[in-house]
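# Coordinates in review
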Amino acid sequence: MAGTWAPVELAAFGIGSFVGVTVAGRIPAAARKAGVFVLTGVWAAAVVAAQSLPGLLATALAAGAAAFGVGSALIAAIVTEAGEQAPRIAGALATTAFNVGAVVRPAVAGVVVVDAGHARRVFWVSAACSAAALPLLLRTRR
């Protein structure tokens, strides 16, 4: 990807993120778990789609929507579950957990990528991180 397209890719991810956060409040509780499966699939599909500029832009849009939609829906569910007892601390802890992931994933990806010739490995790292959440999510009752 030529360097001049990087802002366009970031804008596509941002637009997708906006859409994901906007739609997240309308996601039924039963669909939240499915969202993590979808997010894992989006990251895995990015490995192939990112071979072309249109594929990369479409993937950026989809990844932004899925990541921020799922994240927002899960944080909202955690705050709702906390009820009147501790909604602020529940929201803070949930957001902190997502922020830790936002630091750890790029750090791991930096080790895995090695050089520009292996840049698409970052998508496998993202898919693996999303997939790692699946067993925990499946253990929850709600």
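Please refer to the structure placed before this passage.
Read on for a plain summary of the structure. (Residues numbered from 1 in each chain as written. Predicted model: local features only at pLDDT ≥ 70, side-chain atom pairs only at ≥ 80, totals over all residues. Heavy atoms only, no water.)

### Here we look at the nonpolar core
Put simply, the test is: In these notes, a set of buried Ala, Val, Leu, Ile, Met, Phe, Trp, Tyr and Cys residues joined through side-chain atoms within 4.5 Å is what counts as a nonpolar core. Exposure classes here rest on a 1.4 Å probe applied to the protein chains alone. A residue is buried below 20% of its type maximum, exposed above 50%, and partly exposed in between. Helix numbers and strand numbers start at the N terminus; a helix is a DSSP run of H or I with at least 4 residues, a strand a run of E with at least 2. Working rule for contacts: check all heavy atoms of both residues, and any pair within 4.5 Å makes them a contact.
Residues Leu39, Val42, Trp43, Ala46, Val47, Ala50, Leu56, Ala63, Ala66, Phe123 and Ala127 constitute the largest nonpolar core, which totals 11 residues. For this core, the secondary structure elements donating two or more residues are helix H2 (29–49), helix H3 (53–82) and helix H5 (121–139). Tallying contributions element by element places H2 first for this core, with five residues. Residues in contact with Val42, not counting those within four places in the same chain, are Thr59, Ala62, Ala63 and Ala66. With five residues, the next largest nonpolar core counts Val36, Val70, Leu134 and Leu137 among its residues.

### Notes on the packing of helix H1 (residues 6–24) against H3
What counts, and what does not: Note on geometry: axes are C-alpha line fits, over the in-contact stretch for helices, and angles between N-to-C directions span 0 to 180 degrees. Left-handed describes a crossing whose near helix is turned anticlockwise from the far helix through less than a right angle; right-handed describes the clockwise counterpart. Lys, Arg, Asp and Glu make up the charged group, whereas Ala, Val, Leu, Ile, Met, Phe, Trp, Tyr, Cys and Pro make up the nonpolar group; the residues left over, Gly among them, are polar.
The geometry of H1 relative to H3 is characterised by a closest axis approach of 6 Å and an angle of 35° between their N-to-C directions. Considering the relative orientation of H1 and H3, their crossing is right-handed. Each of Val8, Glu9, Ala12, Phe13, Ile15, Gly16, Ser17, Gly20, Val21 and Ala24 in H1 lies in contact with H3, whose residues at this interface are Leu56, Leu57, Ala60, Leu61, Ala63, Gly64, Ala65, Phe68, Gly69, Ser72 and Ala73. Its residues assigned to classes, the contact of H1 with H3 shows 14 nonpolar, six polar and one charged.

### Observations regarding H5
Condition: Expected span of a helix, by definition, is 1.5 Å for each gap between consecutive residues, and there is one gap fewer than residues.
Compared with the 27 Å implied by 1.5 Å per residue over 19 residues, the 29 Å span of H5 between its first and last C-alpha is a close match. What H5 keeps buried is the set Phe123, Val125, Ser126, Ala127, Ser130, Leu134 and Leu137.

### Overview of a nonpolar patch on the surface
Let me state the cut-off plainly: Patch membership is restricted to residues that have no salt bridge and whose relative accessible area is over 30%. Joining uses 9 Å for like charges and 5 Å for the nonpolar side chains Val, Leu, Ile, Met, Phe, Trp and Tyr. What sets the accessible areas is the Shrake-Rupley method with a 1.4 Å probe; for residues, cover comes only from the shown protein chains. Every case where a carboxyl oxygen of Asp or Glu lies within 4 Å of a side-chain nitrogen of Lys or Arg is listed as a salt bridge.
Judged by side-chain polarity, Val100, Val103, Val104, Val108, Val111 and Val112 come together as a nonpolar surface patch covering roughly 490 Å² of accessible area. Looking at where Val111 falls in the secondary structure, it is placed in helix H4 (residues 87–113). The class for Val111 is exposed, based on a relative accessible area of 67%.

### Here we look at the layout of surface pockets
Under the convention used in this document: Grid points spaced at 1 Å over the protein atoms alone were grouped into cavities, where a 1.4 Å probe fits but cannot get out, and pockets, open sets with protein on both sides within 12 Å along at least five of seven lines, with lining residues defined by an atom within 4 Å of a point. Grid points are joined across faces, edges and corners, and a volume is the space filled by probe spheres set on the points.
Roughly 1,900 Å³ of internal volume is contained in the largest pocket. Lining the largest pocket are 49 residues, and of these Leu39, Trp43, Ala67, Phe98 and Ser130 sit closest to its centre. Of all elements in the fold, only H1, H2, H3, H4 and H5 reach the threshold of two or more residues within the lining of the largest pocket. In terms of residue class, the lining of the largest pocket is made up of 32 nonpolar, 10 polar and seven charged.

### Let's talk about the environment of Ala66
Following the sequence through the fold, Ala66 ends up in helix H3. Spatially, the C-alpha atom of Ala66 lies 9.2 Å from that of Thr40, the residues being 26 residues apart in sequence. With residues near it in sequence (within four places) discarded, Ala66 still touches Leu39 and Val42.

### Things to note about the packing of aromatic side chains
How we decide: Pairing of aromatic rings covers Phe, Tyr and Trp, the last through its six-membered ring, and needs centres within 6.5 Å; plane angles under 30 degrees mean stacked, over 60 mean edge-to-face, and all others mean tilted.
This structure, assessed with the given rule, holds two aromatic pairs. With a centroid separation of 6.2 Å and 20° between ring planes, the pair formed by Trp43 and Phe123 is classed as stacked. Here Phe123 lies in helix H5 and Trp43 lies in helix H2, a separation of 80 residues in the sequence. This pair shows no difference in class: Trp43 is buried, exactly as Phe123 is.

Don't take any of this as a statement about function, it's just geometry.
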